[in-house]
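# Results of the structural survey
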Amino acid sequence: NAGVMQNPRHLVRRRGQEARLRCSPMKGHSHVYWYRQLPEEGLKFMVYLQKENIIDESGMPKERFSAEFPKEGPSILRIQQVVRGDSAAYFCASSLLRTGDRTNTEAFFGQGTRLTVV
Amino acid sequence: AQSVTQLDSHVSVSEGTPVLLRCNYSSSYSPSLFWYVQHPNKGLQLLLKYTSAATLVKGINGFEAEFKKSETSFHLTKPSAHMSDAAEYFCVASNDYKLSFGAGTTVTVRA
């Protein structure tokens, strides 16, 4: 069973372009979480999706950022009109069930996509 | 609201000597706590987790951590460092499905 797959691993975009980051969860996992890691900082929660539904996007900037997890295919994190401040590592995690304090479900992380905006 | 503070951004140890990575958390309740490791060009891997059972938690690769409520700490230790332990380590607290990460501690191991 392959782990969480993210692609591309590295992405370079010019200011104003669009960035699309893909995440294929582990087989059978229907819960996906996106995190962003800015330089010298820990990962910050962005959004939680469960097949075709956005459960919580409270950590995602209101403008230019969107996420989806369609019935078929990978989860996509889309950043429109990128700016230099979007340069970061973006991590995706997936889980079989919703993770939380009352469950014993682990979230498995991908290797991340490192976005550089020039 | 909760937050996690990793007290050391870098730790350097000699191979075969103990490793101590310090973590303090703040939370309005007793959260679940985790330690993750990230090796270069790899994804985050769960080392161990505390979920209100035993306060001393054993993880993979010889690591363990002790939850101390009175000190709001969850320090990670290993008695004898190995070269393969060189990586970045994250202390994490959970609030339902949201994970709050510390800034990370980079461990280097000297031969």
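In this text, all values refer to a predicted model and were calculated from it rather than measured experimentally.

### Focus: the overall build of chain B
Along the backbone of chain B there are zero helices and 12 strands. Counting from the amino terminus, chain B carries its helices and strands in the arrangement β-β-β-β-β-β-β-β-β-β-β-β. Here the C-alpha coordinates of chain B stretch approximately 40 × 25 × 20 Å along the principal axes. Classification of the 111 residues of chain B by burial places 44% in the buried group. For chain B, long-range pairs separated by at least 24 residues make up 55% of all intrachain contacts whose partners lie at least 6 apart in sequence. Accessible surface computed for chain B: about 5,200 Å², of which carbon and sulfur atoms make up 53%. Averaging the coordinates of the 9 positive side-chain charges in chain B and doing the same for the 8 negative ones gives two points 3 Å apart.

### Description of the pattern of salt bridges
Counting across every chain of the model gives eight salt bridges over all chains. Between B:Glu64 and B:Lys58 there is a salt bridge, with its nearest N and O atoms 2.8 Å apart. Linking B:Asp85 and B:Lys78 is a salt bridge whose minimum nitrogen-to-oxygen distance equals 2.8 Å. B:Lys78 matches B:Asp85 in its accessibility class, with the two residues each being buried. Beyond isolated ion pairs, a larger network of salt bridges with shared partners links A:Glu18, A:Arg20 and A:Arg78.

### Description of the interface of chain A and chain B
Taken together, the contact pairs 24 residues of chain A with 20 residues of chain B. Across the chain A to chain B interface the summed buried area is about 1,800 Å²; carbon plus sulfur atoms make up 48%. Joining chain A to chain B, the criterion identifies one salt bridge. Those elements giving two or more residues to the side of chain A that touches chain B turn out to be strand 4 (31-37) and strand 5 (43-50) of chain A.

### Describing the state of the cysteines
All names here are of chain B. Counted by the stated rule, this structure contains two disulfides over all chains. With its sulfur 1.9 Å from that of its partner, Cys23 forms a disulfide with Cys91. On the sign convention where negative is left-handed, the bridge of Cys23 and Cys91, at about -70° about the S-S bond, is left-handed. You can see Cys23 sitting in strand 4 (residues 23-26) and its partner Cys91 sitting in strand 10 (residues 87-95), a full 68 residues away along the chain. Residue Cys23 is classed as buried on the basis of its relative accessible area, which comes to 0%.

### So, the side chain of B:Lys78
All names here are of chain B. Of note, Lys78 is situated in strand 9 (residues 73-78). Judged by its relative accessible area of 10%, Lys78 is buried. Separated by 3.0 Å, the side chain of Lys78 and the backbone oxygen of Asn61 make a polar contact. Separated by 2.8 Å, the side chains of Lys78 and Asp85 make a polar contact. In this structure, Lys78 is in contact with Pro18, Val19, Asn61, Gly62, Phe63 and Asp85, ignoring residues within four places of it in sequence.

### A few points about the environment of A:Phe45
Among the secondary structure elements, A:Phe45 is positioned in strand 5. Spatially, the C-alpha atoms of A:Phe45 and A:Gly3 are 20 Å apart, while their sequence positions differ by 42 residues. Beyond its immediate chain neighbours, meaning those up to four positions away, A:Phe45 contacts A:Trp34, A:Tyr35, A:Asp56, A:Ser58, A:Gly59, B:Tyr97 and B:Lys98.

Parameters at a glance
- Residues numbered from 1 in each chain as written.
- Chains lettered and ligands numbered in written order.
- Predicted model: local features only at pLDDT ≥ 70, side-chain atom pairs only at ≥ 80, totals over all residues.
- Heavy atoms only, no water.
- Helix = DSSP H or I, 4+ residues; strand = E, 2+ residues; numbered from the N terminus.
- Buried < 20%, exposed > 50% of the residue type's maximum accessible area, 1.4 Å probe, protein only.
- Contact = heavy atoms within 4.5 Å.
- Areas by Shrake-Rupley, 256 points an atom, 1.4 Å probe, with all protein chains shown as cover.
- Lys, Arg positive; Asp, Glu negative; His and termini not counted.
- Charge placed at Lys NZ, Arg CZ, Asp CG, Glu CD.
- Salt bridge = Lys/Arg side-chain N within 4 Å of Asp/Glu carboxyl O.
- Buried area = accessible area lost by both parts, 1.4 Å probe.
- Disulfide = S-S within 2.5 Å.
- Polar contact = N/O pair within 3.5 Å; in protein donor to acceptor, adjacent residues only side chain to side chain.

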